[in-house]
Amino acid sequence: MASLSLKGIYKRYPGGVTAVKDFNMNIKDKEFIILVGPSGCGKSTTLRMIAGLEEISEGELFIGDRLVNDVAPKDRDIAMVFQNYALYPHMTVFENMAFGLKLRKVPKDQIKMLVDEAAKVLDIAHLLDRKPKALSGGQRQRVALGRAIVRDPQVFLLDEPLSNLDAKLRAQMRTELSKLHKKLGTTFVYVTHDQIEAMTMGDRIVVMKDGYIQQIDSPMNLYANPVNKFVAGFIGSPQMNFIESKLLMLNNKYTVEFGSEDTKTTRGQKFYIEIPAYKCDDAVLKNYIDKDVILGIRPEDISDEEADIYDAKTGVIEAIVDVTEMMGAETYLYLTCEQYPITVRVSSRSQARPQDVVRLALDPNSIHLFDIDDEHSLIG
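Summary of the structure given here. Nothing here was measured: the structure is a model prediction, and the numbers come from that model.

1. Observations concerning the overall build of the protein chain
Regarding its fold elements, the protein chain presents 10 helices and 20 strands. When its C-alpha atoms are laid out on the principal axes, the protein chain stretches across 80 × 45 × 40 Å. The buried share among the 380 residues of the protein chain stands at 48%. Distance between charge centroids for the protein chain: 9 Å, based on 47 positive and 54 negative side chains.

Structure below.
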């Protein structure tokens, strides 16, 4: 097994395009790392540089203690699982899984032992005589994983391996991959654009945007303490609500004000939410008094329960329901509050219907504030 170290990694293409910029990270042995971000953020390019499929323009890549910038992919002791499975259609499952070992001149009896063991781990032992066209998407993905497992690599690289599967199978395979990681005890580096995959599987998540790392952290820290608005909006589903607001000092307390006095286009209301003292860093916030900021709050931190509204000392708002979505155990409300769109996750018992005016309580302990210009986080 092995750790990885990426030091000042850049990827530049002809024409002045820089896909990855100053990527620095140490990945521990046996860690499950997720690279996540929107299309074009550089996550797959980073993975391909680790694999040796893309040349590193600048910086150093170590696998274990070995500098591998100029080491051929086949000599890096890594295995890669691709989005499209990349199985040979004319070969059986056994032959697909054994192909890499045959190229390495591994003895036949050892190949059979390794393939049989991997097939048992992945529950595909009964499929070894079939060809890929006779397999479902989930079974093909298991074969692609099996082909990687038999090589016993130091590092597994997985490039959006579940994106071709339907939603139910994706959820099942997420669980299977997590169990597989624990069973193999190998370093995993996994690329996805799906933040649900990232949140449910990774030990740590690397959030990327425009070639840069935005934040590296555990799933819960990313969710609770995003360093900027981009991370806050990317992690979480439905995504965080953002409201342009103003920071005031009222009754000696930092208070966020939003809303409007224009009764021609809105209901003409202003709302206030006090920021709990423990979340405030006076050295930071005193510079933002009477200035515009962005208020962030997640859909699950807004309540339509009468008890929560009654108990709230601050942060009670009114909004008009635009659309309701029944999700089974919960309901999503899409509302407009003084021209700002807001999404709220409420109980399936909610009686709210389109065009209703509803009262909502925002949890002050769960609010976030961001600088309106560079969008960095202002409160803990």
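2. Notes on the side chain of Thr255
Here Thr255 shows up in strand β12 (residues 253-259). By relative accessible area, Thr255 is classed as buried at 2%. There is a polar contact of 3.2 Å between the side chain of Thr255 and the backbone oxygen of Lys253. Among all residues touching Thr255, those that are not within four sequence positions of it are Lys246, Leu247, Leu248, Leu250, Tyr272, Ile273 and Glu274.

3. A closer look at the sheet that holds strand β18 (residues 340-347)
Overall, antiparallel pairing links the five strands, which are arranged β15-β19-β16-β17-β18 in an open sheet. Lying at the two open borders of the sheet, with one neighbouring strand each, are β15 (302-303) and β18. In the sheet, strand β16 (residues 316-326) pairs with strand β17 (residues 330-337) via six bridges, with the strands oriented antiparallel. Paired with Val323 across the two strands is Tyr334, which belongs to β17.

4. What to know about the environment of Phe156
Mapping Phe156 onto the fold places it in strand β7 (residues 155-159). Of the residues examined, Phe156 reaches a relative accessible area of 2% and is grouped as buried. In this structure, the C-alpha to C-alpha distance between Phe156 and Met80, residues 76 residues apart in sequence, is 5.9 Å. In contact with Phe156, not counting residues within four places along its chain, are Ala79, Ala148, Ile149, Leu184, Thr186, Thr187, Phe188 and Val189.

5. Considerations on the pairing of β17
Following β16, the chain reverses through three residues before pairing antiparallel with β17; Gly328 in that reversal takes a positive phi of roughly 105°. Relative to β18, β17 is paired through eight bridges, and the arrangement is antiparallel. In the sheet register, Leu335 faces β18, and the bridge partner there is Ile342. Hairpin connection from β17 to β18: two residues lie between these consecutive antiparallel strands, with Glu338 at a positive phi of about 50°.

6. Structural notes on the environment of Asp123
Tracing the backbone shows Asp123 in the loop between α3 (108-121) and α4 (137-149). A relative accessible area of 56% means that Asp123 is categorised as exposed. Put simply, Asp123 and Gln139 are 16 residues apart on the chain and 9.1 Å apart in space, counted from C-alpha to C-alpha.

7. A closer look at the packing of helix α2 (residues 93-103) against α4
Between α2 and α4, the shortest axis-to-axis distance is 7 Å and the interhelical angle comes to 30°. One element, α2, and the other, α4, form an angle in the roughly parallel class. Where α2 crosses over α4, the handedness of that crossing is right-handed. In this structure, α2 uses Val93, Asn96 and Met97 to contact α4, whose residues at the interface are Val143, Gly146 and Arg147.

Conventions used here
- Residues numbered from 1 in each chain as written.
- Predicted model: local features only at pLDDT ≥ 70, side-chain atom pairs only at ≥ 80, totals over all residues.
- Heavy atoms only, no water.
- Helix = DSSP H or I, 4+ residues; strand = E, 2+ residues; numbered from the N terminus.
- Buried < 20%, exposed > 50% of the residue type's maximum accessible area, 1.4 Å probe, protein only.
- Lys, Arg positive; Asp, Glu negative; His and termini not counted.
- Charge placed at Lys NZ, Arg CZ, Asp CG, Glu CD.
- Polar contact = N/O pair within 3.5 Å; in protein donor to acceptor, adjacent residues only side chain to side chain.
- Contact = heavy atoms within 4.5 Å.
- Pairing = 2+ DSSP bridges.
- Axes fitted to C-alpha atoms, helices over the stretch in contact; angles between N-to-C directions.
- Parallel < 35°, antiparallel > 145°, perpendicular 65-115°, else oblique.
- Left-handed = near helix turned anticlockwise from the far one by under 90°.

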